[in-house]
Every structure is written in structure tokens, then in C-alpha cells.
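# Descriptive analysis of the structure
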Amino acid sequence: MEELRIQYVNLELQGNHESHYTQGFSSKTLVVRRGAPFKITLLLKGRAFNPHTDTLMFRILLGRLYAEFPVTFSKQGSPSRWSAYFTPKGLNPNSPSLYISSPASSSIGRYSVQLHVLTQHGQKGYVVGDFVLLCNPWCSEDAVYIPFEDQREEYVNNDSGLLYMGTPKNLESRPWSFDQYEPEILDICLKLLQVSPQYGRNLHSDPIYLSRVVSAMINCEDDRGVLRGNWLGDFKNGVNPSKWTGSADILRQWAKSKFSPVMYGQCWVFAAVMCTVMRALGIPSRVITNFNSAHDTNGNLVIEEFYSETGKKLPHSKDSIWNFHVWVECWMTRPDLGAGFDGWQVLDPTPQERSGGIFCCGPAPVKAIRDRRVDLVYDIPFVYAEVNADVHTVIVKQGQVLSSSTDTERVGSLIVTQTIGSPRPQNITGNYKPTKAMSLHRSKSATFSRESTHKRGSTRGLSVSLSLLKVPVAGENITFTVMVTNTESIPKVLREHVNAQTKKYNRSPSGTFWEVHNVVRIAPHEAKVIHHLIDHAQYESLMGDDLVNLAVVMEDEFTQERVLASEEFNITSPQLSIQIADEDSVMLHKEHTALVVFCNTFSVPVSGLLTVTGSGLIEGEMHSRIQLFNPGCTMERSFSFIPRMVGKKMLQATLVLKNNSAKIVGYRMISVKSA
């Protein structure tokens, strides 16, 4: 009798990738999800398979872990063990098909497979090859199971999205390419786990543990992590964080350098790269922006801010409020805490405070943050303070406190993520804290009366508010009003001090670039509106990613009572528009054309470098140098692209100006159809 030999093993890549929702990852490597069976077919040589006398035995290996199991004719294997069974629809003895099934709690990673054929004449072993096993949010037994298909599509499969920055009244959406399907990226994400000094000390299967490992590895403070942070403004030895547009360049550079940190990142870059890694591993993830995010260094839930008597913000406090801070939420069960804390968990890879001795944060259940369960793990007190601290504002002169007030609503005033299937932000503030009905366009105001907490008591009453008349746009004047109301029955003579400073989103303001001082006379019970204008020429050269801190101090000449109102806002940059020829008929592997258009709304001529990217649409980057063109003129550039993946894909364009610090961006979502 001829010997039974295996000539070829077909890993059924296309069919397995479709059934495991892993089509985009690789055309050469089998990528499957735990808790679901995958199919392989054997091509035999010599003689046919005899189920009565022959046995097939698999051995799968992941590092030092391994499992051995035979191929049976029963699908009813133990859900907690690896198993294999022949196709129930009839057995082809010359080319048998079979399914391998993994437990929903299996360790993730790159497995190698060996197959042993046992016959009456002995046994022979074969090396089948490798496959990658990921978490499975489609499997109800998996700890990362998320119940709705639109959530899985958005938070696992989607390879692009929008990050939100700016201020609560003027959200700036920044396109980002997560790039999890780009060549090499999945391998790099798996390597990131192996490089971590924490990895291997616990189960490779637990998303709680995996997420802490990834949170620590995105920054480089304790290990050979991916990114080095830089908030000082000098980026000459690396890349300005604002110039990154996707995760692939960062992860590839890290891997190519043999795991030296990539320079540089800030909070949105750390969060976006972590979102890439978690989606690649199969853990549902989304990027979150917390506006007016507190960094409470002493844990007393109070952030102090100091102003001079003329409205200049002073860098006197160790605590800080970032105009926005960006982190990640990942979806998982929390068996360590109980079912009440399953669901979205905060994970923050930006290195701020140590957790368990290393720079990472989370997973902190969002439900525990809302309920102030600061007794639970992980890092709930820190995140709670980021969204709930009070702001104590003090006006000082030569070390003496002139007046003070407390704002209990400013911190965490708006928390957003991208809406599923839409470019609009979704307000999720109510997930983190009880909220009052509020408008995104509410103006900031401060009211001081006899109940206010002044160092010097006062019986006089003033109300002051500051309101922008429209969203500030680059190239246009900034117009705003100060409303002052005399709530007493006597006239007042007031000194108005208005001060504008530029600031980074995470730091105190720098020097004053505009100020005005006036005398205001106001009758009893009068409400007076004072109009102000900042000419665009006075701020245009200062901006880029900077914001403006605008403050007014009203001083009563008689009582010397001082009242402050302030507003921090961003300047909206003009945008690039992208037009696609035959947009409704973009086909896989067919050449198409995109037209990038920009109108110069600045008051001076501009020039720069235009870069176009698109995961699944363009290999690498396309560049075009833009020569100097005048205010009011329009620039157009056309690019061709050949889609290599079906589905919704993001085409991005970025114009970095040579003689202006503003960064001009634009994007277009393109629906690619199969040919």
C-alpha cells in the first residue's frame, strides 16, 4: 500500500479572511479571529485518507505555549480548548477539508502550525506554516465582544477617522489615517507586544492586560516605546507633531530604527497610534477629546489660575488646564470589577503620571468615572479629576489677592468622539459626568456680587461677560463685545482692561500681542455693550496651532472692585477642498483623478508644499511644491490614484506653508467599489 503523504496545505485565505472580517490585513498570511473556526484543505499524495485507520494531529505553537489536538468528526469540542473537525458536508478522501477552532480566550499573536499524520505504518510530521490570531468582537464569548455591527465597522474595521481639537465653541476636526491595513503594520503591532518588558508576565489573551501593555508602549518613558513626547516647541531633531497625518509612518519608523522612539508626539498622536494598535489587535477602540482637561498635580480637584489686574494670565500654578486632551476608549468586559463596569474603558498613552510604577493610564471604566468610584482600578482618580476639577480664578497684584471666583462647569465641559458613519462629533459628556442642558455656543461670563469670594469684601455689584461675535477665521479680524451691567442704584466709573495672549493648548499663555485700556461710565442698572476689534495683521504671524487667551478686567475706580471674564479660542484655518472625477464610480485597481483646490484667504502671498496621502488609495505620499501666489488667488493641483482596497477610504491633503505657521488640511471620503 502506498504511503499517505501531504502534498499541499491550502489555508483558504480569501474565504477565511471574509468570514473572519480580516480582508484588509494580508494577501499572503492567514489572519483569523479567536473563538471562530477557520477552514484549511489538504491535498494528499500517495493514497487517499482512510478515517478508520488514519489520524491527523495538529500542534500549534505561540512562543513557549502550545496545544495538541486531533481532527475529529464532531463539531462539539470543548469551547475552552483548541479543536479540529472535518467538514460536515461529506469527506473528500483525496483532498479533505477541515476546520480548526480556538477558544474565545486564546492568546493573540503569530502561531506556527505543525501537522502529524498517524497511520498503521508510523507517523510523519509536516510544517504547515503560520497564522495570526486576533481578538474577536464578533464573538459573544470574547471579552471584547461589542453587540452592534455598525459599532464593529466603525471601531474595529475603519482605518480612518477624525480627531477633534480646538475649543468647545469652535471644534477643529483633523483627519487621521489609522492605517491598520497598511503593509507591515499588523506585524509591527504584534512586535510591539513582544518588545514590551511587561509582556509575557501575564496572559496574552486578557484585553485588560493587553491594553495596559499598549498604553505603556506607545510612549517611551519606561521602555523602547514608539513615541517621544515634546511640548516645548523645538522640533528640529524630529517631526512637529502637527505634521503627522497617520499612524503607519510612525510605526514603520519605530520598527525600522530597531525600536528607538520616534520624535515627536503630543496627546492626539499618542492616542491615534494607540487606536491603530488596538483596532489591529481586534479590540474596539475610539479616540476621545476632553475639552478643558484638568491636570491636577496635588489631587485636590482644584485648578488655580492667576491673572494680573490688567487681565494678563500669569504662569503661577503647577496645575494646568489643557484646552483639549485626547485619549482612547476601548471596549471590554471587566470581570475583575463586575459586570456593572463592562463597556468603554479610558486608556491614555500620553505620559503624564505613573500607574503601577510605569507611565500608562487605564483601563478606567467610564461608568466608574461617572459614579466617582475612585476605589476601583485603574487610575480612576486621575481621569475623574481631568473631567471634574473646579477652577479657582484669582486676580493678583504684587502678591496680593484682589478678587477670586470659582467655576465648577468649565473643566470637562465637552467630551466628544466621532459619530458612527458621520464626520460630526458625538457629545458623550453625559457618559462621564451628570450634565446640565447646555449649548456649545454659550459665552463665558463671570458675575461678582456681594456673595463673591473677594479678599476685600464689597457691597457693590457688577456683572461682566465677554462674547465673540463670530467664529474667528484666519485672515479676518477678530470681533468681540464686553457687556458690563451695573446691578446697583448708583453710577459707576470703571476702568476696562482687555488683554489678548497667544497660548499652546497645554500651557499658560505667552506674551501679550494686543491690549486696550478704557474708561467706562455706566448709569445705575445700565447694561452697556462695548465693541472691540483685533486686526488680523496683529495675530496672523503668531498663530499656527496656537490659541488666544482673551480676558477683560473691569475695575470700579471708587471701590477698586475688579471683575474678570475670559475666553480661550482657536483661529479657524482655511481648508483645502478635494474633488474626485466620477466620484460615484471609483473602482478597485482602476486609475482615478483627484483635484486639490485652495483659495488664499490670507492678506499676504503664500507658498509651500502640498502632500497627498490615502491608505488603500495611494502608495506612500505624493508631493507638489506650490509657488508663491497672491491673496484671493486659487491654487489647483491634480493627482492620480489607484485604489487597492474596497470600502470607504480617506484621501488626505496637507499644505504646509513656507511663510505662515498655519497648516491647511482637507480630506474626502471615497467609496471604492469592487471591479
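Predicted model only: the values in this text are computed from it and were never measured.

### Quick word on the overall build of the chain
When you go through the chain residue by residue, the secondary structure sums to nine helices and 40 strands. With the C-alpha coordinates of the chain rotated into their principal frame, the extents come out at 115 × 60 × 40 Å. Within the chain, the fraction of its 675 residues that count as buried is 55%. Summarising the internal contacts of the chain: among those between residues at least 6 apart in sequence, 67% fall at separations of at least 24. Put simply, the chain has 68 plus and 65 minus side-chain charges, and the middle of one group is 3 Å from the middle of the other.

### Quick look at helix H5 (residues 248–256)
Residues of H5 that are buried include every one of Ala248, Ile250, Leu251 and Trp254, and no others. For H5, the angular spread of buried residues about the axis comes to 165°, placing them on one side. Just past H5, the residue Lys258 takes up positive phi, approximately 60°.

### What about the state of the cysteines?
The full count for this structure, using the stated rule, is zero disulfides. Unpaired in terms of disulfides, Cys139 finds its nearest cysteine sulfur in Cys135, a separation of 11 Å. On the basis of relative accessibility, which here comes to 11%, the residue Cys139 falls in the buried class. The structure places no disulfide on Cys633, whose sulfur is separated from the nearest cysteine sulfur, that of Cys599, by 8.0 Å. For Cys633, a relative accessible area of 33% translates into the label partly exposed.

### Description of the sheet that holds strand E22 (residues 390–397)
Reading across from one edge, E16-E15-E22-E23 is the order of the four strands in this open sheet, with mixed pairing throughout. Only two strands of the sheet have a single partner each, and these edge strands are strand E16 (313–314) and strand E23 (400–407). Pairing analysis gives seven bridges linking E22 to E23, with the strands arranged antiparallel. Each bridged residue has a counterpart across the sheet, and for His392 the counterpart in E23 is Thr406.

### Some thoughts on unusual backbone geometry
Cis geometry marks the peptide bond from Met263 to Tyr264, where omega comes out at 10°. Residue position: Tyr264 is located in strand E13 (residues 262–265). Omega for the bond connecting Val377 with Tyr378 falls within 30 degrees of zero, at 5°, which places this linkage in the cis form. Turning to its location among the elements, Tyr378 is positioned in the loop between helix H7 (366–370) and helix H8 (380–388).

### Structural notes on the packing of helix H3 (residues 185–195) against H5
Viewed as axis vectors pointing N to C, H3 and H5 meet at an angle of 55°, and their least axial separation amounts to 10 Å. By the angle class used here, H3 and H5 are oblique. At the point where H3 passes H5, the crossing takes the left-handed sense. For the pair formed by H3 and H5, the contact residues are Ile185, Ile188, Cys189, Leu192 and Val195 on the first element and Ala248, Leu251, Arg252, Trp254 and Ala255 on the second. Across the contact of H3 with H5, the residue classes tally to nine nonpolar, no polar and one charged.

### Description of H8
Counting buried positions along H8 gives seven out of nine residues, so the element sits mostly inside the fold. Listed as buried for H8 are Ile380, Phe382, Val383, Tyr384, Ala385, Glu386 and Val387.

### Observations concerning the sheet that holds strand E14 (residues 285–295)
Taken in spatial order, the six strands of this open sheet run E21-E18-E17-E14-E24-E25, and their pairing is antiparallel. Strands with a single pairing partner mark the edges of an open sheet, and in this sheet they are strand E21 (364–365) and strand E25 (425–427).

### Digging into the side chain of Asn157
Residue placement: Asn157 occurs in helix H2 (residues 149–157). With relative accessibility at 12%, the residue Asn157 sits in the buried group. Separated by 3.3 Å, the side chains of Asn157 and Glu153 make a polar contact. For Asn157, the residues in contact, after removing those within four places along its chain, are Tyr21, Arg33, Trp138, Arg152, Gln180 and Tyr181.

### Here we look at the pattern of salt bridges
Inspection of every chain in the model, using the stated rule, returns 28 salt bridges. The residue Arg354 makes a salt bridge to Asp222 at a minimum N-O spacing of 2.7 Å. Of this pair, Arg354 sits in strand E19 (residues 354–355) while Asp222 sits in the loop between helix H4 (207–218) and strand E12 (227–229), and the two are 132 residues apart along the sequence. Of the residues examined, Arg354 reaches a relative accessible area of 48% and is grouped as partly exposed. A salt bridge links Asp546 to Lys504, with the shortest nitrogen-to-oxygen separation between them at 2.7 Å. One end of the pair, Asp546, is in the loop between strand E31 (527–534) and strand E32 (547–556); the other, Lys504, is in the loop between strand E29 (492–503) and strand E30 (512–522), and 42 residues separate them in sequence. Taking relative accessible area as the criterion, Asp546 reaches 10% and is therefore assigned buried. In the salt-bridge network here, residues are joined through shared partners; they are Glu182, Glu184, Arg252, Glu619 and Arg644.

### Some points on the packing of aromatic side chains
Enumeration over the complete set of coordinates arrives at 24 aromatic pairs. Their ring planes at 90° and their centres at 5.1 Å tell us that Tyr155 and Trp344 sit as a pair that is edge-to-face. With Tyr155 in helix H2 and Trp344 in strand E18 (residues 343–347), the pair connects residues that are 189 residues apart, well separated along the chain. Of the two residues, Tyr155 and Trp344, both sit in the buried class. Here Phe235 and Tyr264 contribute two aromatic rings whose centre-to-centre distance is 6.0 Å and whose plane-to-plane angle is 50°, an arrangement assigned as tilted. One end of the pair, Phe235, is in the loop between E12 and H5; the other, Tyr264, is in strand E13, with 29 residues separating them in the sequence. Given a relative accessible area of 16%, Phe235 falls into the buried group. We note Arg212 situated over the ring of Tyr378; from NZ or CZ to the ring centre the distance is 4.1 Å. In this arrangement the basic side chain of Arg286 is found over the ring face of Trp344, its NZ or CZ atom lying 4.1 Å from the centre.

Calculation notes
Residues numbered from 1 in each chain as written. Predicted model: local features only at pLDDT ≥ 70, side-chain atom pairs only at ≥ 80, totals over all residues. Heavy atoms only, no water. Helix = DSSP H or I, 4+ residues; strand = E, 2+ residues; numbered from the N terminus. Buried < 20%, exposed > 50% of the residue type's maximum accessible area, 1.4 Å probe, protein only. Contact = heavy atoms within 4.5 Å. Lys, Arg positive; Asp, Glu negative; His and termini not counted. Charge placed at Lys NZ, Arg CZ, Asp CG, Glu CD. Arc of directions from axis to C-beta. Disulfide = S-S within 2.5 Å. Pairing = 2+ DSSP bridges. Axes fitted to C-alpha atoms, helices over the stretch in contact; angles between N-to-C directions. Parallel < 35°, antiparallel > 145°, perpendicular 65-115°, else oblique. Left-handed = near helix turned anticlockwise from the far one by under 90°. Nonpolar A, V, L, I, M, F, W, Y, C, P; charged D, E, K, R; others polar. Polar contact = N/O pair within 3.5 Å; in protein donor to acceptor, adjacent residues only side chain to side chain. Salt bridge = Lys/Arg side-chain N within 4 Å of Asp/Glu carboxyl O. Phe/Tyr/Trp six-rings, centres within 6.5 Å; stacked < 30°, edge-to-face > 60°. Lys NZ or Arg CZ within 6 Å of the ring centre and 35° of its normal.

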